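Breakdown of the fold
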Amino acid sequence: MNMKAYTIHPPGQAQRITVVVRRGAVGGGKGKPLLDPVTRDRLLAEAAEGASDAELAADYGLTEQQARRLRHNNRVKLQALRRDLAARAEAEAEATEVPEPLKLAFRTLDGRTAVLRHGAFLLDGRPADLRRIVAAANLVRASAGQAPIRYPGVAPLIERACR
């Protein structure tokens with residue numbers, strides 16, 4: 001408990017007086033939060049993406065020092081948000097990473113293909129799986145006298161297309 005008691009004997013009085021002082025009573029406790037939790041989470045998300053204290057202060061009506069203190073007081077949450085952003089960026093980079101045979105197929109088709117998000121592909125403006133893209137590239141390569149691209153499940157597609 002943050003209390004201290006002491007006894008004083010004021011001049012001119014016959015009795016002693018016990019004074020109890022509670023430490024931290026004036027301005028020592030937590031005050032009203034600057035922002036409601038939803039707004040604070042939005043501010044921290046922007047801070048995790050790289051917004052400066054001046055930008056945050058201007059956007060949320062705070063001083064730069066208040067924005068800095070919010071960032072400091074929520075540093076653990078901010079680190080977790082940054083880790084999540086990095087993991088998401090890494091997952092997106094892996095999703096758009098294309099294996100070597102497919103790169104060769106895309107180069108062979110020269111602009112007839114497109115890579116969309118989440119592993120989807122287009123061939124001549126239509127959705128297509130990778131086998132069909134490689135099969136189309138192999139048809140182009142065969143007409144040019146080049147060796148076909150080896151890819152699982154492509155040979156049956158080429159045989160059906162040649163019939």
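Computed from a predicted structure; not experimentally measured.

What counts, and at which threshold
Residues numbered from 1 in each chain as written. Predicted model: local features only at pLDDT ≥ 70, side-chain atom pairs only at ≥ 80, totals over all residues. Heavy atoms only, no water. Phe/Tyr/Trp six-rings, centres within 6.5 Å; stacked < 30°, edge-to-face > 60°. Helix = DSSP H or I, 4+ residues; strand = E, 2+ residues; numbered from the N terminus. Buried < 20%, exposed > 50% of the residue type's maximum accessible area, 1.4 Å probe, protein only. Arc of directions from axis to C-beta. Contact = heavy atoms within 4.5 Å. Pairing = 2+ DSSP bridges. Axes fitted to C-alpha atoms, helices over the stretch in contact; angles between N-to-C directions. Core = buried A, V, L, I, M, F, W, Y, C linked by side-chain atoms within 4.5 Å.

Here the focus is the packing of aromatic side chains. Overall, the coordinates contain one aromatic pair when judged by the stated rule. Measuring from centroid to centroid gives 5.8 Å for Phe106 and Phe121, while their planes differ by 35°, and the two rings are tilted. Remark: Phe121 occurs in strand β4 (residues 121-123) and Phe106 occurs in helix α5 (residues 100-109); sequence separation between them is 15 residues.

Here we come to helix α2 (residues 53-60). The set of residues buried in α2 consists of Asp53, Leu56, Ala57 and Tyr60. For α2, the angular spread of the buried residues around the axis is 100°, confining them to a single face. The outward face of α2, more than 90 degrees from its buried face, is lined by the exposed residues Ala58 and Asp59. Looking at the buried side of α2, the elements it contacts are α1 (37-48) and α3 (64-73). With its phi angle positive at about 70°, Gly61 sits one or two positions after the end of α2.

By the criterion of burial, strand β2 (residues 17-22) is predominantly exposed, with just zero of the six residues buried. Of the pairings in the sheet, the one linking strand β1 (residues 3-8) to β2 comprises six bridges and is antiparallel in character. Bridging across to β2, Thr7 finds its partner in Thr18.

If you walk across this open sheet you meet the three strands as β3-β4-β5, and the pairing is antiparallel. Where the open sheet ends on each side, the last strands, each with one partner, are β3 (113-115) and β5 (126-128). Within this sheet the neighbouring strands show an average axis-to-axis angle of 35°, counted without direction. Note: β3 against β4, three bridges, orientation antiparallel.

Glancing now at unusual backbone geometry. At Asp110, a residue that is not glycine, the phi angle is positive and equals roughly 45°. Within the fold, Asp110 resides in the loop between α5 and β3. Classification of Asp110 by relative accessible area gives exposed; the value is 64%. Phi at Asp124 takes a positive value of approximately 55°, unusual for a residue other than glycine. Checked against the element boundaries, Asp124 lands in the loop between β4 and β5.

Core analysis: the biggest nonpolar cluster contains 15 residues, and Ala105, Leu109, Leu123, Ile133 and Val134 have the highest contact counts within it. Contributions of two or more residues to this core are made by α5, β4 and α6 (130-143). When neighbours within four sequence positions are excluded, Leu123 is seen to be in contact with Leu109, Arg112, Thr113, Ala128, Arg132, Ile133 and Ala136. Residues Leu43, Ala48, Leu62 and Leu70 belong to the second largest nonpolar core, which totals 13 residues.

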